[in-house]
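Listed below are the residues making up each chain.
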Amino acid sequence: MHIPDLQSTIEYLDACGRELLEELRRCEPVLNRRAEPGAWSPAAVAMHLIRTEAAMYPLFAVVPKLARWPALLRVMDAMNRRLWLAMGMRTVEGVAGRV
């Protein structure tokens, strides 16, 4: 598995994060409003994205090092996919033949 230009990917994610925070500052009056009861507010969605990205960053460094063991990556991918589906995520896609 080859991940082209990891540093530029991380820089891109950082830039997107800064842009997101700037947009959220402009929308401050509506950040905690919910479209309907029980729905996520814009602030809750943003916090989820920030926390998820922070949790995923370590994988960006580890996964390329595991490329020597594609079978291990496939098992990890399958386990991760099952975990996310069990937690209710409906849009989970495995990497399938891409590893």
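This structure is a prediction, so every number in the text was calculated from the model and none was measured.

Conventions and cut-offs
- Residues numbered from 1 in each chain as written.
- Predicted model: local features only at pLDDT ≥ 70, side-chain atom pairs only at ≥ 80, totals over all residues.
- Heavy atoms only, no water.
- Helix = DSSP H or I, 4+ residues; strand = E, 2+ residues; numbered from the N terminus.
- Buried < 20%, exposed > 50% of the residue type's maximum accessible area, 1.4 Å probe, protein only.
- Contact = heavy atoms within 4.5 Å.
- Areas by Shrake-Rupley, 256 points an atom, 1.4 Å probe, with all protein chains shown as cover.
- Polar contact = N/O pair within 3.5 Å; in protein donor to acceptor, adjacent residues only side chain to side chain.
- Salt bridge = Lys/Arg side-chain N within 4 Å of Asp/Glu carboxyl O.

> I keep staring at the overall build of the protein chain and nothing clicks. Help me out?
Looking only at helices and strands, the protein chain has 3 helices and 0 strands in total. Across the 99 residues in the protein chain, those meeting the buried criterion constitute 12%. Long-range contacts, defined as pairs at least 24 residues apart, comprise 40% of the intrachain contacts of the protein chain with a sequence gap of at least 6. A total of about 7900 Å² of accessible surface is found on the protein chain, and carbon and sulfur atoms cover 62% of it.

> Whenever I open this one, the side chain of Ser41 confuses me. Can you help?
Within the secondary structure, Ser41 sits in the loop between α1 (6-26) and α2 (42-62). Only 3.4 Å separates the side chain of Ser41 from the backbone oxygen of Leu31, close enough to count as a polar contact. Contacts of Ser41, omitting those with residues within four sequence positions, involve Leu31, Asn32, Arg33 and Arg34.

> Whenever I open this one, the pattern of salt bridges confuses me. Can you help?
Oppositely charged side chains can form a pair if their charged atoms are brought close together. A complete count under the given rule lists 2 salt bridges for this structure. The residue Arg25 makes a salt bridge to Glu22 at a minimum N-O spacing of 3.3 Å. Taken together, the residues Arg25 and Glu22, both in helix α1 and 3 residues apart, mark about one turn of the helix. In this structure Glu22 comes out as partly exposed when scored by relative accessible area, which is 35%. With a shortest N-O distance of 2.4 Å, Arg26 and Glu23 are connected by a salt bridge. With Arg26 and Glu23 both in helix α1 and 3 residues apart, this pair spans about one turn of that helix. By relative accessible area, Glu23 is classed as partly exposed at 41%.

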